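Summary of the model geometry
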Amino acid sequence: MTYVIIKDRDTVVGSPFGSFAAALQRATDQFGDDVRHWMYLNLRVEENRQLAV
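Keep in mind that what you see is a predicted model, and the values were worked out from it rather than measured.

Right, let's get into the overall build of the chain. In terms of helices and strands, the chain carries two helices and three strands. When its helices and strands are written in sequence order, the chain yields β-β-α-α-β. In terms of C-alpha radius of gyration, the chain reaches 11 Å, essentially the compact-globule figure of 10 Å for 53 residues. Oriented by its inertia axes, the alpha-carbon framework of the chain measures out at about 35 × 20 × 15 Å. By the burial criterion, 25% of the 53 residues in the chain qualify as buried. Accessible area of the chain: about 4,200 Å², with a carbon and sulfur share of 52%.

Right under this line is the structure:
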């Protein structure tokens, strides 16, 4: 399972990470750790799920 950083509605930031901790660390390095800023950017770390077409 891999994890991605999502910004706005569907924008994937960077490439998939092998663990949640690695993705979270990269997100805080890049965007800081202020919760209000994350909410403003609609920033989150999610599982990398491929949608079947």
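Moving on, we get to unusual backbone geometry. We note that Asp 8 has phi near 60°; this positive angle belongs to a residue other than glycine. With respect to the helices and strands, the residue Asp 8 is situated in the loop between β1 (3–7) and β2 (11–17). Look at Asn 42: it is not a glycine, yet its phi comes out positive at around 55°. You can call Asn 42 partly exposed: its relative accessible area is 36%.

Cut-offs and rules
- Residues numbered from 1 in each chain as written.
- Predicted model: local features only at pLDDT ≥ 70, side-chain atom pairs only at ≥ 80, totals over all residues.
- Heavy atoms only, no water.
- Helix = DSSP H or I, 4+ residues; strand = E, 2+ residues; numbered from the N terminus.
- Rg over C-alpha atoms; globule rule 2.2 N^0.38 Å.
- Buried < 20%, exposed > 50% of the residue type's maximum accessible area, 1.4 Å probe, protein only.
- Areas by Shrake-Rupley, 256 points an atom, 1.4 Å probe, with all protein chains shown as cover.

Function-wise, these values are silent; they only describe arrangement.
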